[in-house]
Amino acid sequence: MPMPVKLSGDEEWSVLPRRSSGHGVFTQITEHVISEIQSGRLKPGDKLPSERELVEFFGLSRVTVRRALAELAAQGVLETLPGKGTFVKARAPVMRRRTGNIAVIRCLGSRLPTSIGVDVFYPAVFAGIEAEAAARDFHCIVQHYREGERDALRLEQLAQKVDGIICGELRDDQLLGELVAKGLPVVLISPSLENLAVDTVEVDNFGGAMQGMRHLLELGHRRIAFIGGPPGSIPSRQRQAGYREALTASGITPSDALESSRGWRLEDGYEAMKELLRRYPRPTAVFAASDLLALGACQAAREAGVTVGEELSVLGFDDIQLAQESLPALSTVRVLRKEIGETAARLLFEQIDGKRGYPLRVVVPTQLIVRASTGAVSVSKAQERPASEL
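Residues numbered from 1 in each chain as written. Predicted model: local features only at pLDDT ≥ 70, side-chain atom pairs only at ≥ 80, totals over all residues. Heavy atoms only, no water.

S.K.: Even after reading the chapter, I still don't get the overall build of the protein, so can you show me in this structure?
M.R.: What the protein contains, in helices and strands, is 12 helices and 16 strands. Relative to its full complement of 390 residues, the protein shows a buried share of 52%. Of all intrachain contacts in the protein linking residues separated by at least 6 positions in sequence, the fraction that spans at least 24 positions is 73%. For the protein, the accessible area works out to roughly 17800 Å², and carbon and sulfur atoms hold 51% of it. (Helix = DSSP H or I, 4+ residues; strand = E, 2+ residues; numbered from the N terminus. Buried < 20%, exposed > 50% of the residue type's maximum accessible area, 1.4 Å probe, protein only. Contact = heavy atoms within 4.5 Å. Areas by Shrake-Rupley, 256 points an atom, 1.4 Å probe, with all protein chains shown as cover.)

S.K.: Is there a simple way to think about the sheet that holds strand β13 (residues 313-318) in this case?
M.R.: Spatially, 6 strands are ordered β11-β10-β12-β13-β14-β16 in an open sheet, and the strand pairing comes out mixed. One side of each edge strand has no neighbouring strand; the edge strands of this open sheet are β11 (259-261) and β16 (366-369). Averaged over all adjacent pairs, the angle separating strand axes in this sheet is 15°, with direction ignored. Note that strand β12 (residues 285-288) and β13 share 3 bridges and pair parallel. (Pairing = 2+ DSSP bridges. Axes fitted to C-alpha atoms, helices over the stretch in contact; angles between N-to-C directions.)

S.K.: Which parts of the structure should I look at to understand the packing of aromatic side chains?
M.R.: Here the distance between the centres and the angle between the planes together describe a pair of aromatic rings. Within the structure shown, the criterion is met by 7 aromatic pairs. With centroids separated by 4.9 Å and ring planes inclined at 70°, the aromatic side chains of Phe138 and Phe349 adopt a geometry described as edge-to-face. Of this pair, Phe138 sits in the loop between α4 (122-135) and β6 (139-146) while Phe349 sits in helix α12 (residues 337-352), placing them 211 residues apart in sequence. When sorted by exposure, Phe138 lands in the same class as Phe349, which is buried. Judged by centre distance (5.9 Å) and plane angle (50°), the rings of Phe226 and Phe287 are tilted. Placement of Phe226 in strand β10 (residues 224-228) and of Phe287 in strand β12 is noted, with a sequence separation of 61 residues between them. One exposure class covers both Phe226 and Phe287, and it is buried. Linked through ring pairs, Phe226, Tyr243, Phe287 and Phe317 together constitute an aromatic cluster. (Phe/Tyr/Trp six-rings, centres within 6.5 Å; stacked < 30°, edge-to-face > 60°.)

S.K.: Explanation requested: helix α7 (residues 205-218) in the structure shown.
M.R.: Between its first and last C-alpha, α7 extends 20 Å over 14 residues, near the 20 Å set by a 1.5 Å rise per residue. What α7 keeps buried is the set Asn205, Gly208, Ala209, Met210, Gly212, Met213, His215, Leu216 and Leu217. Just past α7, the residue Gly220 takes up positive phi, approximately 100°. (Expected span 1.5 Å × (residues − 1).)

S.K.: Even after reading the chapter, I still don't get the pairing of strand β7 (residues 165-168), so can you show me in this structure?
M.R.: Along any regular strand the residues' side chains alternate between the sheet's two faces. Side chains Ile165 and Cys167 of β7 all project onto a buried face; the interleaved residues Ile166 and Gly168 project onto the opposite face, where all are buried too. Of the pairings in the sheet, the one linking strand β5 (residues 101-108) to β7 comprises 4 bridges and is parallel in character. What sits directly across from Ile105, in β7, is Cys167. Note that β7 and strand β8 (residues 186-189) share 4 bridges and pair parallel. Bridging from a neighbouring strand, Gly168 pairs with Ile189 of β8. Handedness of the crossover is the feature at issue here: the chain leaves β7, passes through helix α6 (residues 173-181), returns alongside β8, and the resulting connection is right-handed. (Right-handed = clockwise from strand over helix to strand, strands pointing away.)

S.K.: Before we go on, may I ask you to explain the nonpolar core in this structure?
M.R.: Where a protein is soluble and globular, its nonpolar side chains tend to be buried together. Counting 68 residues, the largest nonpolar core has Ile102, Ile129, Ile166, Ile227, Met273 and Phe287 as the members making the most contacts within it. If sequence neighbours within four positions are ignored, Ile227 has contacts with Ser260, Gly269, Ala272, Met273, Leu276, Val286, Phe287, Ala288, Ala289, Leu293 and Ala297. With 21 residues, the next largest nonpolar core counts Cys107, Tyr145, Cys167 and Val186 among its residues. (Core = buried A, V, L, I, M, F, W, Y, C linked by side-chain atoms within 4.5 Å.)

S.K.: Mind showing me how you'd approach the confidence of the model for the protein here?
M.R.: As a general rule, the predicted coordinates of low-pLDDT regions are not to be interpreted in detail. Chain-level statistics for the protein give a pLDDT mean of 85 and a share of 85% at 70 or above. Scored below 50 in pLDDT, residues 1-23 makes 54 contacts in the model with residues more than four places away or belonging to other chains. Across residues 92-96 the pLDDT falls below 50, and counting only partners more than four positions away or on other chains, this stretch makes 6 contacts in the model. (pLDDT = per-residue confidence, 0-100.)

S.K.: Sorry if this is basic, but what is going on with the pattern of salt bridges here?
M.R.: In a structure, side chains of opposite charge can pair up when their charged atoms sit close to one another. Tallied over the full model, the rule gives 20 salt bridges. Linking Asp199 and Arg356 is a salt bridge whose minimum nitrogen-to-oxygen distance equals 2.7 Å. Within this pair, whereas Asp199 is found in strand β9 (residues 199-203), its partner Arg356 is found in the loop between α12 and β15 (361-364), the two being separated by 157 residues in sequence. Between Glu275 and Arg279 there is a salt bridge, and its shortest N-O distance comes to 3.0 Å. Exposure remark for Arg279: the relative accessible area of 26% places this residue in the partly exposed category. Here the residues in one salt-bridge network are Glu132, Arg136, Lys338, Glu342 and Arg346, joined through shared partners. (Salt bridge = Lys/Arg side-chain N within 4 Å of Asp/Glu carboxyl O.)

S.K.: When you look at the environment of Asp319 in this model, what are you seeing that I'm missing?
M.R.: With respect to the helices and strands, the residue Asp319 is situated in the loop between β13 and α11 (321-325). Through-space distance from the C-alpha of Asp319 to that of Leu368 is 9.4 Å; in sequence the pair is 49 residues apart. Apart from residues lying up to four places away in sequence, Asp319 is in contact with Asp291, Gln324, Thr332, Val333, Arg334, Arg337, Ile369 and Arg371. A distance of 2.6 Å separates polar atoms of two side chains, one belonging to Asp319 and the other to Arg334. (Polar contact = N/O pair within 3.5 Å; in protein donor to acceptor, adjacent residues only side chain to side chain.)

Spelled out as structure tokens, the structure:
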């Protein structure tokens, strides 16, 4: 059971041990090494056992052992010296003056927003980072980075201007390796990577989904649909896992026919809801993995003549400003976005100040916000047939 850790603030967040994602047996090795470093049993400069000894210890193949060591080296945890062996890497002291700056990188996919003004989630996160930075007389350099476009010069120029890097929604392990290789402290916010050897701040996606689903189930809903983000998004998959677990715990078998994962745009929620409304019988409630998806679902329902909050309950996730201003106001699972930014900044400054030499994973809790878009289940004739027949 993880112990709560106080991070120089008023709140206590859960700091969890790294766990295997189940994507490969090599994670047994990476997580064991990280655990040994976190416990202090392995210290910077310590030599690891030989490949042969690791093969015998874990009962795995030499190829698997080499893959695990390469992964840890790419993340800046280990270094291999030819003819000498593999060692726990010691972060080299920064032989330069403090810049007084930190970098905040928002990683972008091919269809994500390209300016802060249209990014509905991260402005509050940036505000939290900036507040913590200002309290220490630091400035923030905010950049957007499209992961598919390699720009080594741009990263190098940025690294020369800052004392640490906070990166939001990283999906590319190669980019992570490039960031770590700069020798600067790194903190990730909601990454779509697993088994990391750097600090991460994450939303309690699974717990928040369970919390939201309990609300819908308590209202009497049993046929509940799920609209998710991109299939490769770990936060979306964690929310989907919470959705399924809540159904299963209530004796309801999850149905693939009631699940749709496309992307994070409002249009993705709209198209998914149009498809779900053609199901027979139609769902009486929808849990969306983000507020934008939920708002798109509400738009599709209105166009089909389905009253949100009465004939169809819609629940979102995030609690962006638009959730409060929509009609009807959107019930949602609130993400403490400013607190996420503050926590990420505190972790970064702990590293900059040399107070900690091991990675932490901090999970920030969520809050259920009930508004007008959810209500008690009400089966009418309209809900007994597909919207296409209305």
